[in-house]
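These are the residues of each chain, in order.
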Amino acid sequence: MTYRVEFTSAAARQVKKLPRPTRDRVLDAIENLQDDPRPTGAKKIVGEQTAWRIRVGDYRVIYDVFDGELLVTVVRAGPGIGARCTSVNSRGRPATACRPASRRSL
(Lines give C-alpha, C1' and ligand atoms only; values in the text may rest on other atoms or scores of the structure.)
Protein backbone atom coordinates (compact mmCIF):
# COMPACT_ATOMS: atom_id res chain seq x y z
CA MET A 1 0.00 0.00 0.00
CA THR A 2 1.29 3.41 -0.94
CA TYR A 3 0.09 6.41 1.01
CA ARG A 4 -0.42 9.81 -0.59
CA VAL A 5 1.61 12.58 1.11
CA GLU A 6 0.22 16.11 1.40
CA PHE A 7 1.53 19.22 3.14
CA THR A 8 -0.42 21.89 4.97
CA SER A 9 0.45 25.34 3.66
CA ALA A 10 2.32 26.10 6.91
CA ALA A 11 4.37 22.89 6.65
CA ALA A 12 5.24 23.63 3.01
CA ARG A 13 6.53 27.09 4.02
CA GLN A 14 8.51 25.62 6.92
CA VAL A 15 10.19 23.02 4.70
CA LYS A 16 10.96 25.64 2.05
CA LYS A 17 12.78 27.79 4.65
CA LEU A 18 15.12 24.97 5.77
CA PRO A 19 18.77 25.06 4.68
CA ARG A 20 19.25 23.12 1.43
CA PRO A 21 21.05 19.99 2.79
CA THR A 22 18.61 19.73 5.69
CA ARG A 23 15.63 20.26 3.39
CA ASP A 24 16.82 17.41 1.16
CA ARG A 25 17.12 15.03 4.15
CA VAL A 26 13.71 16.07 5.51
CA LEU A 27 12.05 15.64 2.10
CA ASP A 28 13.66 12.19 1.71
CA ALA A 29 12.27 11.16 5.10
CA ILE A 30 8.82 12.51 4.17
CA GLU A 31 8.94 10.68 0.83
CA ASN A 32 9.67 7.42 2.69
CA LEU A 33 6.40 7.89 4.61
CA GLN A 34 4.59 6.90 1.41
CA ASP A 35 5.66 3.28 1.86
CA ASP A 36 5.83 3.16 5.67
CA PRO A 37 3.92 5.92 7.53
CA ARG A 38 5.13 4.59 10.88
CA PRO A 39 8.85 3.88 10.37
CA THR A 40 11.16 2.63 13.08
CA GLY A 41 11.69 5.47 15.53
CA ALA A 42 8.39 7.22 14.78
CA LYS A 43 6.64 8.38 17.95
CA LYS A 44 2.91 8.64 18.49
CA ILE A 45 1.98 12.06 19.85
CA VAL A 46 0.19 11.63 23.17
CA GLY A 47 -3.35 13.01 23.25
CA GLU A 48 -3.75 12.92 19.47
CA GLN A 49 -5.48 10.16 17.55
CA THR A 50 -3.68 10.38 14.22
CA ALA A 51 -0.56 12.47 14.93
CA TRP A 52 2.98 11.08 14.70
CA ARG A 53 6.46 12.55 14.60
CA ILE A 54 9.74 11.47 13.14
CA ARG A 55 13.20 12.76 13.78
CA VAL A 56 15.54 13.79 10.99
CA GLY A 57 18.78 14.79 12.70
CA ASP A 58 17.94 17.78 14.92
CA TYR A 59 14.69 18.38 13.04
CA ARG A 60 11.20 17.00 13.60
CA VAL A 61 8.37 16.28 11.19
CA ILE A 62 4.87 16.19 12.68
CA TYR A 63 2.28 14.44 10.55
CA ASP A 64 -1.15 12.83 10.64
CA VAL A 65 -1.84 9.34 9.26
CA PHE A 66 -5.28 8.52 7.89
CA ASP A 67 -5.26 4.77 7.17
CA GLY A 68 -8.79 4.67 5.72
CA GLU A 69 -7.81 7.18 3.03
CA LEU A 70 -4.16 6.05 2.68
CA LEU A 71 -3.15 9.65 3.39
CA VAL A 72 -0.25 11.24 5.28
CA THR A 73 -0.60 14.97 5.97
CA VAL A 74 2.57 16.79 7.03
CA VAL A 75 1.55 19.39 9.60
CA ARG A 76 4.88 20.88 10.77
CA ALA A 77 8.56 20.55 9.99
CA GLY A 78 11.36 22.31 11.78
CA PRO A 79 13.98 22.19 14.49
CA GLY A 80 13.23 20.02 17.50
CA ILE A 81 13.36 21.37 21.03
CA GLY A 82 16.94 20.18 21.46
CA ALA A 83 18.05 22.27 18.52
CA ARG A 84 16.48 25.48 19.86
CA CYS A 85 17.09 25.37 23.60
CA THR A 86 20.17 24.59 25.63
CA SER A 87 19.05 25.69 29.11
CA VAL A 88 17.90 22.94 31.46
CA ASN A 89 16.40 22.90 34.92
CA SER A 90 17.84 21.10 37.95
CA ARG A 91 16.36 17.78 36.75
CA GLY A 92 18.08 17.99 33.37
CA ARG A 93 14.85 18.74 31.51
CA PRO A 94 14.33 21.71 29.17
CA ALA A 95 13.64 24.91 31.07
CA THR A 96 10.00 26.05 31.12
CA ALA A 97 10.68 28.86 28.64
CA CYS A 98 12.05 26.32 26.15
CA ARG A 99 9.13 23.90 26.20
CA PRO A 100 6.67 24.05 23.32
CA ALA A 101 3.37 25.81 23.99
CA SER A 102 1.37 22.76 22.93
CA ARG A 103 1.95 19.17 21.95
CA ARG A 104 1.63 20.06 18.26
CA SER A 105 4.37 22.67 18.51
CA LEU A 106 7.92 21.89 17.54
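All figures in this text were calculated on a predicted structure; none of them were measured in a lab.

Reading the values: rules and limits
Residues numbered from 1 in each chain as written. Predicted model: local features only at pLDDT ≥ 70, side-chain atom pairs only at ≥ 80, totals over all residues. Heavy atoms only, no water. Pairing = 2+ DSSP bridges. Helix = DSSP H or I, 4+ residues; strand = E, 2+ residues; numbered from the N terminus. Contact = heavy atoms within 4.5 Å. Axes fitted to C-alpha atoms, helices over the stretch in contact; angles between N-to-C directions.

(A) Representation of the sheet that holds strand 2 (residues 43-44) within the structure. Here we have five strands laid out as an open sheet, ordered 1-5-4-3-2, and mixed in their pairing. With partners counted over all chains shown, the strands left at the sheet margins are strand 1 (4-7) and strand 2, one partner each. Bridge analysis of strand 4 (residues 59-66) against strand 5 (residues 71-79) gives eight bridges, and the strand direction is antiparallel. By the bridge assignment, phenylalanine 66 is partnered in strand 5 with leucine 71. Sheet contacts for helix 1 (residues 9-17): strand 1 and strand 5; angle to strand 5, the most-contacted strand, approximately 45 degrees.

(B) Broad picture of the environment of alanine 51. Relative to the elements of secondary structure, alanine 51 occurs in strand 3 (residues 51-56). Sequence-wise, alanine 51 and aspartate 64 are 13 residues apart; in three dimensions their C-alpha atoms are separated by 4.3 Å. Each residue touching alanine 51, except ones within four places of it in the same chain, is listed here: Lys43, Lys44, Ile45, Tyr63 and Asp64.

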